[in-house]
Every structure is written in structure tokens, then in C-alpha cells.
Amino acid sequence: MVRTAKNPWRGVISEFRDFLPEVKEDSIVTLQEGNTPLLKSINITSMLGKGVTLLFKYEGLNPTASFKDRGMTMAVSKAREDGSKAIICASTGNTSASATAYAARAGMKAYVLIPKGNIALGKLSQAMMHGAKVIQIEGNFDNALAIVREIAEKYPITVVNSINPYRIEGQKTAAFEICQVLGQAPSYHFIPVGNAGNITAYWKGYKEFHKAGSISNLPRMMGFQAEGAAPIVLGHPVDEPKTVASAIRIGNPANWEDALKARDESDGLIDMVSDKEIIEAYRLLAINEGIFCEPASAASMAGVLKISKEGFFKEGDTIVCTLTGHGLKDPDTAIETSEKPITVKPRTEDVIKLLEI
Ligand code: AN7
């Protein structure tokens, strides 16, 4: 469809109405999220074997720069429809950035609980900027989510973490967009796993599109956790999760069971990658493809590279990798892991010496 000023992309609720729970038109809270690019890999693809196609679903190009906006439009719209005046969430950063933006747009109060000192700078600035009450917990994400669950049982306030089923509903729209571009589902879908809401949502989306006859195949779901925060891989919660990828520093995922279902029903896998592999993939994407994603997002790319070493992919395979958040979210990690700028006097000859010409 040709998009014009009179016919813009309207956001995921209006665009995928037939596949989503009903929302009254005047309750919809949107920042016109979704419709993100499915970018073809130009340079990394050759590392994966002959005839393999690698694509990136670049979710960092959503309004608050992560995939969370797809679920948040749905969760906040339903909260508004139900007459809720306030929302609350625990977050490693991106959920809080999205929740506070959508609450601002809806004219609702937002309370966000974040692990003190452990969320990326860009995300902290977003949560603070939208006028929410930002509460730092001297603990980790899992502690914060436990508090949110307890408060929600006793007080009239809507939880917008992915334990809210509307979050999953909204997030599944990314799978629809991929299928619409490809005309089918990919062979493999690689995705980072933290609280496991997104892998659950994509699998639900693919299954629903399949059932509706919009695609004739289903992908294998390939989830990747960080080695220091890999409860699903280890089979038990991790008390003190650690990883450079702060977004997925989660030791007891809320959607654990559904992630296992997505893995098993799709004949996929949930594996882990080290921080070193994550940073290598993060830099590779930036340097070889021009795509700046945040470290947690690069866990999916790191997963592709890890699996491809085992001679896994075959000619004709299509691989989609979700890059969940924008690299600008975490400028500290970008600066720490990149070559440092060189300082010179304001003299042309000093600059020329530095050029490889
Ligand atoms: C960039 O913001 O959990 O497996 O509180 O920000 O659906 O949890 C973020 C998660 C991957 C993992 N990539 O997704 C939060 C939060 C990025 C993220 C994940 C997150 P889920």
C-alpha cells in the first residue's frame, strides 16, 4: 500500500486489527510504532555459507528505539480503555523507556522500578524525561519484578511488564511484518532472550499467520541468553545474573514456560553466548553492516555466528535476526568497546598524517 499524508502507517493496533484483541478507537494510544525495516545483510552473510540469506529486523527504529513499543501501545491502550489511571513496571531499561512515553501520551501516571546503576544511560534518560516516577531498587531486575507483582495484587494499578498478556499480543506484530515482506516465514528466527516475552510473542504471531493461511511454513525459533544470565539454558534461576548486555540481565524470566514451548513446538533451541561473543557481534554489525544496535540485541547475531561455526546452515536458508534495541541506548558500552578518537592540533599536516592515503 502507498503511504501518503492522508494514509500514513497508523501503528500496530490499527494495522493488524484482525489479529489483535479489540480496542475502542478513542482508547488507542500510539506513537505509530512498528513498520520497522527488514534489512538484508550485505557483508556478514558471506560468513554463513553459500546461498544463505541473513536479514535483520531492526527494532531500534521504533519510536522509543526498542521493540517494547509494539506491546506497550496495546497494554497502555487497554489500560486506558479499562479506566486505569496509572501503570507500573520493573525494567532493565527499555520497558521503562516505552512505558513512560506511552503513559505520557495517554495522560496516565507511570511508576518504573529499575535496578540501581544497572540500566544503560540512554534508557535512564528516557524514563526520566517523560515525567514518570523513577524508582531505583538496590537490587536486580528480578527483585524489582517481584515487588511490582506484589503491589499489583493489592492496588489498582496496571502492570505493563510482559506478564500483561496485551504486551505479547502487540509484540507478535513484528512476526506479521516479517512474513508480509518475505511472503513466508523465514527458516530460522534468532532472538535475544531475557524475560522471554518476545520469543513467546513472535512464535504466537507466526502460528496465527500460519493458521490464517497467510504463510505456509513456520520458522525454527532460536533464542539466545547471555552466559552469565542463562536460567533457561541452565534449567534453574540465576540469583545474581551478570552480563555486559544489561537489557537481558535477568535471572528468573516471567515467560519461562512459554519460551520452552516456542522452542519445542518449533524444533528450535535456546542457547547462550558469552559477553565476548556478544561484543564481537555488536561491533561486527556496526562496522560491517552500518547497523548500531545495543549489546543485548547482538546476542541474536552472536547466536547466528556460534551456530554457523557448526556448519549448520544450508543453501536456501533464510535467517531473520531481531535486533531489539538501538545502539544509542547504551553510549557507554559503545565508547568502551570502540577505537578511541585521536586528538591533534588544528593543523592540516597533522590530520593528513593520520589518513591512509
Ligand atoms: C534490547 O526492558 O526486560 O526476552 O525490562 O531490552 O522479551 O524480555 C528488556 C528486554 C532483548 C529481552 N533486547 O526481551 C526490560 C526488558 C532488548 C531488551 C530483551 C530486552 P524479552
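Refer to the preceding data block for the structure.
A. Molecular detail of the packing of aromatic side chains. Applying the stated rule across the entire model yields 13 aromatic pairs. Aromatic pair F176 and F209: ring centres 4.5 Å apart, planes at 15°, arrangement stacked. Here F176 is found in helix 7 (residues 173-182), whereas its partner F209 is found in helix 8 (residues 197-211), with 33 residues between them in sequence. Under the relative-accessibility criterion, F176 is labelled buried at 0%. Exposure remark for F209: the relative accessible area of 5% places this residue in the buried category.

B. A look at the sheet that holds strand 3 (residues 86-90). What the four strands build is an open sheet, ordered 5-4-3-6; its pairing is parallel. Looking at which strands have only one partner, the edges of the open sheet turn out to be strand 5 (133-137) and strand 6 (158-159). Pairing of strand 3 with strand 4 (residues 109-115) involves five bridges; the strand directions are parallel. In the sheet register, A86 faces strand 4, and the bridge partner there is K109. Most of the contacts of helix 5 (residues 141-154) go to strand 3, to which it runs at about 150°, and overall it touches strand 3, strand 4, strand 5 and strand 6.

C. The pattern of salt bridges, seen in detail. The full count for this structure, using the stated rule, is 22 salt bridges. Among the ionic pairs, E150 bridges to K154, the shortest N-O distance being 3.6 Å. Note that E150 and K154 are positioned in helix 5 at a spacing of four residues, about one turn of the helix. The partly exposed category is assigned to E150, whose relative accessible area is 46%. Taken together, the shared-partner salt bridges connect K57, E59, R70 and E177 into one network.

D. Examining the site of the ligand more closely. In the vicinity of the ligand, 23 residues are found, and the nearest of them are N94, T95, N195, A196 and T324. At a separation of 2.8 Å, an oxygen atom of the ligand approaches a polar backbone atom of G194. Between N195 and the ligand, the recorded distance is 2.7 Å, taken from a backbone N or O atom to an oxygen atom. The protein chains hide 99% of the 460 Å² of surface that the ligand would expose on its own. Mapped onto the shell around the ligand, the elements with two or more residues apiece are helix 3 (94-106) and helix 8. Split by residue class, the shell around the ligand holds nine nonpolar, 12 polar and two charged.

E. Inspection of the packing of helix 7 against helix 8 at higher detail. The contact between helix 7 and helix 8 brings their axes to 7 Å, and the two run at 50°. Comparing the axis directions of helix 7 and helix 8 gives the class oblique. In this structure, the crossing between helix 7 and helix 8 has a hand that is right-handed. Where helix 7 abuts helix 8, its residues A174, A175, F176, I178, C179 and Q180 lie against Y202, G205, Y206, E208 and F209. Across the contact of helix 7 with helix 8, the residue classes break down as eight nonpolar, two polar and one charged.

F. Region of interest: the sheet that holds strand 2 (residues 53-58). Spatially, 1-2-10-7-8-9 is the arrangement adopted by the six strands of the open sheet, whose pairing is mixed. At either end of the open sheet lies a strand with only one pairing partner, and these are strand 1 (38-40) and strand 9 (269-273). This sheet shows a mean twist of 25° between the axes of neighbouring strands, independent of strand direction. The pairing of strand 7 (residues 188-192) with strand 8 (residues 220-226) spans five bridges and is classified as parallel. Looking at strand 8, one finds that I191 is bridged to G223.

Calculation rules
- Residues numbered from 1 in each chain as written.
- Predicted model: local features only at pLDDT ≥ 70, side-chain atom pairs only at ≥ 80, totals over all residues.
- Heavy atoms only, no water.
- Phe/Tyr/Trp six-rings, centres within 6.5 Å; stacked < 30°, edge-to-face > 60°.
- Helix = DSSP H or I, 4+ residues; strand = E, 2+ residues; numbered from the N terminus.
- Buried < 20%, exposed > 50% of the residue type's maximum accessible area, 1.4 Å probe, protein only.
- Pairing = 2+ DSSP bridges.
- Contact = heavy atoms within 4.5 Å.
- Axes fitted to C-alpha atoms, helices over the stretch in contact; angles between N-to-C directions.
- Salt bridge = Lys/Arg side-chain N within 4 Å of Asp/Glu carboxyl O.
- Near = heavy atom within 4 Å.
- Polar contact = N/O pair within 3.5 Å; in protein donor to acceptor, adjacent residues only side chain to side chain.
- Areas by Shrake-Rupley, 256 points an atom, 1.4 Å probe, with all protein chains shown as cover.
- Nonpolar A, V, L, I, M, F, W, Y, C, P; charged D, E, K, R; others polar.
- Parallel < 35°, antiparallel > 145°, perpendicular 65-115°, else oblique.
- Left-handed = near helix turned anticlockwise from the far one by under 90°.

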